[in-house]
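One-letter residues, chain by chain:
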Amino acid sequence: MRTNTTDLFQGIQTKIDFNPYARDEYEKRVVSQDRLLDIGGRNSYSISRQRIDLLNQNPNNTIVSTDVIADYKPDLIDDICNTKIEPNSFSGIYCNAVLEHVQEYWKAIDNIYNILEEKGEAFFYIPFFWSFHDQMDYHRFTFTEIARMLGKFSEIKIFCPGDAQGFGFVFWYIITITNIRKFPKLAEFLSKTTNFFLKIYLFIVYNINSKNIKNKYNNISWEEYCFYYTFLYINHGFCAWVKK
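Residues numbered from 1 in each chain as written. Predicted model: local features only at pLDDT ≥ 70, side-chain atom pairs only at ≥ 80, totals over all residues. Heavy atoms only, no water.

Looking at an unreviewed UniProt entry, one finds the chain named Methyltransferase domain-containing protein, with Desmonostoc muscorum LEGE 12446 as its source organism.

Have a look at this one:
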């Protein structure tokens, strides 16, 4: 009889999408909604908007960018923690690297929920292992905390930012004192290479100790074991898709 088992996924395994390439598809769903709100997106020339335009499959949709800083010239000056946006007024919300910059992030989430139409969808990127940045920087979030704080939505999926992320990216991010970000192609190559060798190591460990590992981690599969230590144990951040 198995005893003292540990759930690496803390009871939210069904909420995790284990596909390391999942991000683009979830983002496409959200940014292609008929009315999209880009929270903290600065303006129509920002990096956020460039990402939206790249993935948008609905050329006739309406995109509204907001920010609290008027100098950025957003479409709408708004504080998501004290929003003036009408409830049920957007079918999609894009919230990329915003929640770490607001002190009361739970208010932001409540307002996002209220702004969304019924069955509306939202995309979040939220940092976990990332250096202090910008003028206001308050929070970091584990994948389990993301599931908890987005729990009021009817559907949720948590996934990694991409296959060139996870342990490999964080490793090079640290040893280069964050300078690897200046060389995105090199960062992608080094991250994937490091993750490749990590997976070889994990494969060896899993197969040598498969019985003990399965007993300890509730019959975890090799794929789940590898994904956890490559993309969930350490990552620069996590993504989430939700439906109201």
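On we go from here.
Colleague: Which residues make up the pattern of salt bridges, and what values do they have?
Modeller: According to the stated counting rule, one finds 13 salt bridges in the structure shown. In this structure, the salt-bridge partner of Glu-27 is Arg-23, at a minimum N-O distance of 3.0 Å. With Glu-27 and Arg-23 both in helix α1 (residues 23-31) and four residues apart, the pair spans about one turn of that helix. In this structure, Glu-27 and Arg-23 share a single accessibility class: buried. Among the salt bridges present, the one from Arg-51 reaches Asp-24, with a minimum N-O distance of 2.7 Å. Remark: Asp-24 occurs in helix α1 and Arg-51 occurs in helix α2 (residues 47-55); sequence separation between them is 27 residues. Salt bridges sharing common partners tie together Arg-23, Asp-24, Glu-27 and Arg-51. (Salt bridge = Lys/Arg side-chain N within 4 Å of Asp/Glu carboxyl O. Helix = DSSP H or I, 4+ residues; strand = E, 2+ residues; numbered from the N terminus. Buried < 20%, exposed > 50% of the residue type's maximum accessible area, 1.4 Å probe, protein only.)

Colleague: Any details on the UniProt feature "domain: Methyltransferase type" (unreviewed entry) in the chain? Residues and values, ideally.
Modeller: Under the UniProt annotation, the feature "domain: Methyltransferase type" (unreviewed entry) is placed at residues 78-124. Taken end to end, residues 78-124 is 23% helix and 34% strand, and its first and last C-alpha atoms sit 18 Å apart. (UniProt positions renumbered as here; feature names shortened; annotations may be inferred.)

Colleague: Go over the environment of Thr-142 with me, naming the residues and quoting the values.
Modeller: Structurally, Thr-142 is set in the loop between β5 (116-127) and α4 (143-149). Sequence separation between Thr-142 and Lys-15 is 127 residues; the distance between their C-alpha atoms is 14 Å. Setting aside residues up to four positions removed in sequence, Thr-142 forms contacts with Phe-128 and Phe-238. A polar contact is formed between the side chain of Thr-142 and the side chain of Thr-144, at a distance of 3.0 Å. At 3.1 Å, the side chain of Thr-142 and the backbone nitrogen of Glu-145 are in polar contact. (Contact = heavy atoms within 4.5 Å. Polar contact = N/O pair within 3.5 Å; in protein donor to acceptor, adjacent residues only side chain to side chain.)

Colleague: An account of the sheet that holds strand β2 (residues 62-67) is requested, with residue identities and associated values reported.
Modeller: Pairing is mixed across the open sheet formed by seven strands, whose spatial order is β3-β2-β1-β4-β5-β7-β6. In the strand order of this sheet, the two ends are held by β3 (76-77) and β6 (155-159), each with one partner. Pairing of β6 with strand β7 (residues 237-243), which is carried by five bridges, proceeds in the antiparallel orientation. Bridge pairing links Lys-157 to Trp-241 in β7. Strands β1 (35-38), β2 and β4 (90-96) of the sheet are contacted by α2, whose axis makes an angle of about 150° with β1. Strands in contact with helix α3 (residues 105-115) are β1, β4 and β5; relative to β5, the strand with the most contacts, it is inclined by about 150°. (Pairing = 2+ DSSP bridges. Axes fitted to C-alpha atoms, helices over the stretch in contact; angles between N-to-C directions.)

Colleague: Provide a residue-level description of the side chain of Ser-91, including the pertinent values.
Modeller: By the secondary structure assignment, Ser-91 is in strand β4. A residue is classified by how much of its surface remains accessible, and Ser-91, at 7% relative accessible area, is buried. Within the structure, the side chain of Ser-91 is placed 3.3 Å from the backbone nitrogen of Asp-34, a separation counted as a polar contact. Setting aside residues no more than four positions away along its own chain, Ser-91 makes contact with Gln-33, Asp-34, Arg-35, Leu-116, Glu-117, Gly-120 and Glu-121.

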